[in-house]
Amino acid sequence: MKNGVFAAVYANPNPTQKNTLWDNLEETAESMDKPWLVVGDFNDYGNLSERRSFSIRHNTTRSQKNLDRVDKCNLIDLGSFGPNMTWTNNKQGMANTVERLDQAMCNADWRAMFLEATIRVLSKTYSDHSPLVVYTQGMHSLTPPLRPFRFEAAWMSHPSLPDIIESAWTTINHNLIDSMNEFTQKVKIWNREVFGNIFKSKRRILARIEGIQRSQAVNFNHNLHHLERDLVSQYNYTLFQEKDLFNWVDTNHLANWSNTTKNKFTNEENDGLLKPLTNFEIWKATKAIGAYKAPGKDGIQAVFYHHYWTIVGKSICDFVRTCFSDQQIPKEINETLIVLIPKVEYPTSIKQFYPISLCNVTYKIITKLVVNRIRPLLDNIIGPNQSSSIPGHSTTDNIIITQDIIHTLRHRKGKINGIIFKIDLEKAYDRLSWKFVYETLIEFGPNMDWINLIMSCITVTTPPRIIISF
């Protein structure tokens, strides 16, 4: 926690060890001069309202001792929203007991820093304790208003999905872009009416479990107890399905950039680049893409193509060959989502985000095929001092060489001195002129068909869609 202290607590049921914990907390509280949040299982409750049991036993002394310890530490109970009791012994009938053992407490400095802080008690679905969630800025909806379409891998567990894919691909006569658009529309309806939206199902089950646990905290009901167990089983199955879901610039060009390299693509190498693509080569490139990698704008992960290649493979192969022969990638395939991941807790400028580009799988297939054919030829083109993106080379090699040069200059004796230039790293790594890339490719001499295809891959005609992820 920035500028504060967070303490996660587990109080052992053993009275001696529990006393040791509170002694340590009291000692920490005396010297604490920062905002302090303490959350966890304290294995104690403060009063009779924080316990429901059919047993008449209630240790008033124990409860008062717990309250006195909290006061000595100058801690404030933040309360909670959700089920009142956070622990159950999971027994039935008259033996059932529930208590509020898990709490979130803080000192006055932390409370003043986070005036809107709220504690949410989640439903118990696995452990006998309820998880606690601390919302420092209050409970606000974190769901984006317009969520892009995403192919959900859990759909593949349903036997009727291949029929939806077959229908979309045969209706449009295996045209890839039109088939994907048709599939997207059909599968949305199918998900809503047949499969059942996983996220909605999960929220609905959790809401029912939470309602039962609220009721059970007041009066135990045997039928509700069995219903809760059934709902927890349904919830765990939904989590299994969800697991399948996620197993998922301008600079001046160089005026004198001609004739700067002796190494160029030979005629024989260019002939190899122009060899017709085979279906196996395209399938191999498709299979090499991570099945559950984040999808691009079309929302379809690679696992979709892996699993249903017998249906969609022909249209993929035809589409890829068309792109290679036309030396052009359609703009619908070249569209990219850019996700901005904050580097800091409260970003104030665009430089405080990591930009992550999410490309369509069909785009990745084409670029992987380009790389697979060019990579074996790079050893004769790229200098030995180049390290990035070259098999067998490592960026750390250049770091070691740089350190060695600096060390040599520092210890050099005599009148001969040296000088080191630091290149503008922002331009080197963050921006690259398309014109510069084009002229570089011309200089190294690959076939113009390949140059045009590569330039089509890296240039865009429409701005990318940007998503900010917190």
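Up top is the structure these notes are about.
The structure reproduced in this document is the subject of the present report. (Residues numbered from 1 in each chain as written. Predicted model: local features only at pLDDT ≥ 70, side-chain atom pairs only at ≥ 80, totals over all residues. Heavy atoms only, no water.)

### A look at the overall build of the protein chain
For the protein chain, the helix and strand inventory stands at 17 helices and 12 strands. Split into buried and exposed, the 470 residues of the protein chain put 39% on the buried side. (Helix = DSSP H or I, 4+ residues; strand = E, 2+ residues; numbered from the N terminus. Buried < 20%, exposed > 50% of the residue type's maximum accessible area, 1.4 Å probe, protein only.)

### Concerning helix H16 (residues 434–444)
Buried residues of H16: Val-437, Thr-440, Leu-441, Glu-443 and Phe-444, and no others. End-on view of H16: buried residues confined to an arc of 160°, all on one side of the axis. On its buried side, H16 packs onto helix H17 (448–458). Downstream of H16 by a residue or two, Gly-445 has a phi angle that is positive, lying close to 80°. (Arc of directions from axis to C-beta. Contact = heavy atoms within 4.5 Å.)

### Considering the state of the cysteines
Counted under the stated rule, the structure contains zero disulfides. Its sulfur unpaired, Cys-457 is 8.4 Å from the next cysteine sulfur, which belongs to Cys-323. (Disulfide = S-S within 2.5 Å.)

### Re the packing of aromatic side chains
Summed over all chains, the structure comprises 13 aromatic pairs. For the pair Phe-151 and Phe-183, a centre-to-centre distance of 6.3 Å together with 40° between the ring planes defines the contact as tilted. Pair noted here: Phe-151 is in the loop between strand S9 (132–135) and helix H4 (161–171) and Phe-183 is in helix H5 (residues 176–195), with a separation of 32 residues, a long-range link. Where Phe-183 meets Phe-304, the ring centres are 5.0 Å apart and the plane angle is 35°; that geometry is what we call tilted. A network of ring pairs unites the aromatic residues Phe-151, Trp-155, Trp-169, Phe-183, Trp-190, Phe-304, Tyr-305 and Tyr-308 as a single cluster. One residue, Arg-214, lies across the ring of Phe-81, its end atom 5.7 Å from the ring centre. The residue whose ring lies beneath Lys-343 is Tyr-354, and the NZ or CZ to ring-centre distance is 5.0 Å. (Phe/Tyr/Trp six-rings, centres within 6.5 Å; stacked < 30°, edge-to-face > 60°. Lys NZ or Arg CZ within 6 Å of the ring centre and 35° of its normal.)

### Things to note about the sheet that holds strand S3 (residues 51–53)
Strands sit in the order S3-S6-S5 across an open sheet of three strands; the sheet is antiparallel. The open sheet has two free edges, formed respectively by S3 and strand S5 (87–88), since each of these has just one partner strand. For S3 and strand S6 (residues 97–99), the ladder comprises three bridges, and the chain directions are antiparallel. Among the inter-strand pairings, Arg-51 is bridged to a residue of S6, identified as Glu-99. (Pairing = 2+ DSSP bridges.)

### Points about a nonpolar patch on the surface
A cluster of nonpolar residues, Ile-401, Ile-405, Ile-406 and Ile-420, forms a patch on the protein surface that exposes about 340 Å² of accessible area. Tracing the chain through its elements places Ile-420 in the loop between helix H14 (395–410) and helix H15 (425–430). (Patch = residues over 30% accessible without salt bridge, like charges linked within 9 Å, V, L, I, M, F, W, Y side chains within 5 Å. Areas by Shrake-Rupley, 256 points an atom, 1.4 Å probe, with all protein chains shown as cover. Salt bridge = Lys/Arg side-chain N within 4 Å of Asp/Glu carboxyl O.)

### Things to note about unusual backbone geometry
Here Asn-74, not a glycine, exhibits a phi torsion of approximately 55°, which is positive. Topologically, Asn-74 is positioned in the loop between helix H2 (60–72) and strand S4 (76–77). For Asn-74, a relative accessible area of 52% gives the class exposed. In this model, Asn-90 sits at a positive phi of 60°, which is unusual for a non-glycine residue. Mapping Asn-90 onto the fold places it in the loop between S5 and S6.

### Looking at the side chain of Asn-66
Turning to its location among the elements, Asn-66 is positioned in helix H2. The contacts of Asn-66, once residues within four sequence positions are left out, are Trp-22, Asp-44, Tyr-45 and Gly-46.

### What about the nonpolar core?
Core analysis: the biggest nonpolar cluster contains 61 residues, and Leu-161, Trp-169, Phe-183, Phe-304 and Val-320 have the highest contact counts within it. Mapped onto this core, the elements with two or more residues apiece are H4, H5, helix H9 (279–287), helix H10 (302–307), helix H11 (309–326), helix H13 (361–374), H16 and H17. Apart from the residues within four sequence positions on either side, Phe-304 is in contact with Phe-151, Ile-165, Trp-169, Phe-183 and Val-312. Among the nonpolar cores identified, the runner-up in size contains 14 residues, and Val-9, Leu-21, Val-38 and Met-105 belong to it. (Core = buried A, V, L, I, M, F, W, Y, C linked by side-chain atoms within 4.5 Å.)

### Looking at H5
Spanning 20 residues, H5 covers only 25 Å between terminal C-alpha atoms, well under the ideal 28 Å at 1.5 Å per step. Those residues of H5 lying buried are Leu-176, Ile-177, Ser-179, Met-180, Phe-183, Thr-184, Val-187, Trp-190, Asn-191 and Phe-195. (Expected span 1.5 Å × (residues − 1).)

### Things to note about the sheet that holds strand S1 (residues 5–10)
The sheet built from four strands is open, its strands ordered S1-S2-S7-S4 with mixed pairing. In the strand order of this sheet, the two ends are held by S1 and S4, each with one partner. The sheet contact formed by S1 and strand S2 (residues 36–41) spans six bridges and is parallel. The residue of S2 that forms the bridge with Val-9 is Gly-40. Sitting on the sheet, helix H1 (residues 15–31) touches S1, S2 and strand S7 (102–106), and the angle it makes with S2 is about 170°. (Axes fitted to C-alpha atoms, helices over the stretch in contact; angles between N-to-C directions.)

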